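Survey of secondary and tertiary structure
The chain contents come next:
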Amino acid sequence: MSHPMHNSPGLGSPDPERLTDHDYDGIQEFDNPLPGWWTWLFVGSIAFSLAYVAWYHIGLGPSIHDRYEAQVAAHVEKQLAQLGDIQPDNATILDFVERDDWMQAMGGIFRGTCAQCHAADGGGSIGPNMTDDHYRWVRQPSDIVGIIRSGIPGTSMPAFGDRFRDPQIILLAAYVASLRNTTPAAPKAAEGDRIPPWSNWRE
Ligand code: HEC
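Bear in mind that the values here come from a model prediction, so they are computed numbers and not experimental data.

Quick notes on the rules
Residues numbered from 1 in each chain as written. Predicted model: local features only at pLDDT ≥ 70, side-chain atom pairs only at ≥ 80, totals over all residues. Heavy atoms only, no water. Donors = N, O, S within 2.8 Å, 3.2 Å for Na, K, Ca; no water. Buried < 20%, exposed > 50% of the residue type's maximum accessible area, 1.4 Å probe, protein only. Core = buried A, V, L, I, M, F, W, Y, C linked by side-chain atoms within 4.5 Å. Helix = DSSP H or I, 4+ residues; strand = E, 2+ residues; numbered from the N terminus. Contact = heavy atoms within 4.5 Å. Near = heavy atom within 4 Å. Polar contact = N/O pair within 3.5 Å; in protein donor to acceptor, adjacent residues only side chain to side chain. Axes fitted to C-alpha atoms, helices over the stretch in contact; angles between N-to-C directions. Parallel < 35°, antiparallel > 145°, perpendicular 65-115°, else oblique. Nonpolar A, V, L, I, M, F, W, Y, C, P; charged D, E, K, R; others polar. Salt bridge = Lys/Arg side-chain N within 4 Å of Asp/Glu carboxyl O.

Looking at the iron atom of the ligand, the protein donor atoms are H118 (NE2) and M157 (SD), and they sit 2.0 to 2.1 Å from it. Assessed through its relative accessible area of 9%, H118 is described here as buried.

The following block contains the structure:
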């Protein structure tokens, strides 16, 4: 059953030619095409979304996260260059333990590179706990430098000498030293020997 269309005075008179021939419970509709600009905006947004997914999600381009990491790395690189030559000795390492800015930067590297085996807070998992007073290989702060650079042969502790350059290895060693006497969430049982406090090597 068909009802006559109500024609609101404000809308002008609809063209009966454009009235579609279906009728749902007496409701009829006009075939009013969307304006061209609207349709193209719609098509354009779909095309943009496909390009966006390909670039950022499928990975044809760098993700925002990658770009951020690259910027942080470049920043750390610049700061490292300003440090110049620093020595891998106990005094230097223990001085850097006090430098919060550097320890924060190295914390990022530790969590990204070492945490898979030593836990993010140094509490240990595959590798030993580095927050207690017991160490398997380390006897003094400078030993940590050699361990990071060359690894521990015959164990799963890898060498990082290819990956990091010297000032960075020294700073990373300071970060490992800074973990001592902190409180990890799930500490692994102590391994190795109890060694004297770092203050023994402070000048
Ligand atoms: C693939 C696992 C793995 C990764 C990654 C790893 N380690 Fe280790 N690490 C070990 C293991 C296992 C040991 C203990 C080796 C042994 O004594 O059997 C160890 C030992 C150490 C020790 C000596 C601890 C002691 O008790 O004397 C230091 C220091 C150390 N790692 C630092 C680091 C740092 C810094 C990083 C990141 C740059 C790192 N490790 C990454 C597995 C790893």
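Here the narrative resumes.
It is worth spelling out the nonpolar core at this point. Ranked by internal contacts, the top residues of the largest apolar core, which has 35 residues, are M106, I144 and W198. Those elements that provide at least two residues to this core are α2 (64-83), α3 (90-97), α4 (100-113), α6 (141-150) and α7 (166-178). Ranked by residue count, the leading element in this core is α7, at nine residues. In contact with I144, other than residues within four places in its own chain, are V138, A173, V176, A177 and W198.

Not every one of the 24 residues close to the ligand is listed here, only the nearest: C114, C117, H118, R136 and M157. Contact distances for the ligand include 3.1 Å between an oxygen atom and a backbone N or O atom of V138. Only α5 (115-118), α6 and α7 provide two or more residues apiece to the shell around the ligand.

The phi angle at A119 is positive, at roughly 75°, despite the residue not being glycine. Tracing the backbone shows A119 in the loop between α5 and β1 (134-135). Positive phi is not limited to glycine here, since N181 has a value of about 65°.

Moving on to the packing of α4 against α7. Contact geometry of α4 with α7 gives a least axis separation of 9 Å together with a crossing angle of 90°. As the angle between them shows, α4 and α7 are arranged roughly perpendicular. Taken together, the residues of α7 that come into contact with α4 (itself represented by W102, M103, M106, G107, I109, F110 and R111) are Q168, L171, L172, A174, Y175, V176 and S178. A breakdown of the residues in the contact of α4 with α7 according to their chemical character gives 10 nonpolar, three polar and one charged.

Moving on: the pattern of salt bridges. Evaluation of the coordinates by the stated rule reveals nine salt bridges. Close ionic contact of R136 with E191 constitutes a salt bridge, the shortest N to O distance being 3.4 Å. In this pair, R136 is assigned in the loop between β1 and α6 and E191 in the loop between α7 and β2 (193-194), connecting sequence segments 55 residues apart. Overall, the relative accessible area of 22% leaves E191 in the partly exposed class.

Right, let's get into α6. When α6 is considered as a whole, its buried residues turn out to be P141, I144, V145, I147 and I148. In the core, the buried residues of α6 are packed alongside α3 and α7. One or two positions beyond α6, positive phi appears at G151, with a value near 70°.

Across the interface, α3 lies against α6 with an axial gap of 7 Å and an inter-helix angle of 90°. As judged from the angle between their axes, α3 and α6 are roughly perpendicular. Facing α3, whose interface residues are N90, I93 and L94, α6 presents P141, S142 and V145. Tallied by class, the residues present in the contact of α3 with α6 amount to four nonpolar, two polar and no charged.

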